[in-house]
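Chain by chain, the residues run as shown.
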Amino acid sequence: MVKEKLYYGKDIEVMFNSDVCIHSGICVKGLPAVFDLSKRPWVDPDGDTSEAIARHIDTCPSGALTYKLLDGEYSTKKEDEHA
Ligand code: SF4
C-alpha cells in the first residue's frame, strides 16, 4: 500500500510518499519552516514562498516529495531536467 499524503497550501500542494523517502534529512535541514518533524502536520506548505518550496523539493534525492503549483505553471516533472 502506498503511503502518500497531500498537504494543501495557498499556492502549492506538497505530496509526500513515505514508502519512497530515504530519510536523507535534506528537506528538514534546508527548509525547517516548512518541513518540521516536531509538528503535526510536519509539512506547512505556507511556511515559505511556493517558489522556495518548489526549488527545495527538487533537491529531494528520492522523489518522495513532489509538488504542484496551484497557478498551474509547474509541477514536479523530472523530464524538465535538460536545463
Ligand atoms: S529530502 Fe526527500 S528523501 Fe530526504 S528526508 Fe526529505 S522526503 Fe525523505
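Being a predicted model, the structure only gives us computed values, none of them experimental.

Draft legend 1. How the structure looks around the pairing of strand β1 (residues 4–8). The pairing of β1 with strand β2 (residues 12–17) spans 5 bridges and is classified as antiparallel. Within β2, the residue paired with Leu6 across the bridge is Met15.

Draft legend 2. How the structure looks around helix α2 (residues 50–57). Counting buried residues in α2 gives 6 out of 8 residues, a clear majority hidden from the surface. Lining the buried residues of α2 we find β2, α1 (26–30) and β3 (65–69).

Draft legend 3. Quick look at a negative patch on the surface. Taken together, the side chains of Asp11, Asp44, Asp46, Glu51 and Asp71 define an acidic patch exposed on the protein surface. Secondary-structure assignment places Asp71 in the segment after β3.

Draft legend 4. Summary view of the nonpolar core. Residues Val14, Phe35, Trp42, Val43, Ile53, Ile57 and Leu65 are the most contacted members of the largest nonpolar core, which totals 18 residues. Of all the secondary structure elements, the ones that give two or more residues to this core are β2, α2 and β3. Excluding residues within four positions of it along the chain, Trp42 makes contact with Tyr7, Phe16, Cys27, Val28, Val34, Phe35, Asp36 and Leu37.

Draft legend 5. Fine view of the pairing of β2. Of all 6 residues in β2, 6 are buried, a share of seventy percent or more. Alternating residues of β2 divide into Ile12, Val14 and Phe16 and Glu13, Met15 and Asn17, and every residue in both groups is buried. Counting the residues in the hairpin turn of β1 and β2 gives 3 residues. Across 5 bridges, the pairing between β2 and β3 is antiparallel. From the neighbouring strand, Met15 faces β3, where its bridge partner is Thr66.

Conventions adopted
- Residues numbered from 1 in each chain as written.
- Predicted model: local features only at pLDDT ≥ 70, side-chain atom pairs only at ≥ 80, totals over all residues.
- Heavy atoms only, no water.
- Pairing = 2+ DSSP bridges.
- Helix = DSSP H or I, 4+ residues; strand = E, 2+ residues; numbered from the N terminus.
- Buried < 20%, exposed > 50% of the residue type's maximum accessible area, 1.4 Å probe, protein only.
- Contact = heavy atoms within 4.5 Å.
- Patch = residues over 30% accessible without salt bridge, like charges linked within 9 Å, V, L, I, M, F, W, Y side chains within 5 Å.
- Areas by Shrake-Rupley, 256 points an atom, 1.4 Å probe, with all protein chains shown as cover.
- Salt bridge = Lys/Arg side-chain N within 4 Å of Asp/Glu carboxyl O.
- Lys, Arg positive; Asp, Glu negative; His and termini not counted.
- Charge placed at Lys NZ, Arg CZ, Asp CG, Glu CD.
- Core = buried A, V, L, I, M, F, W, Y, C linked by side-chain atoms within 4.5 Å.

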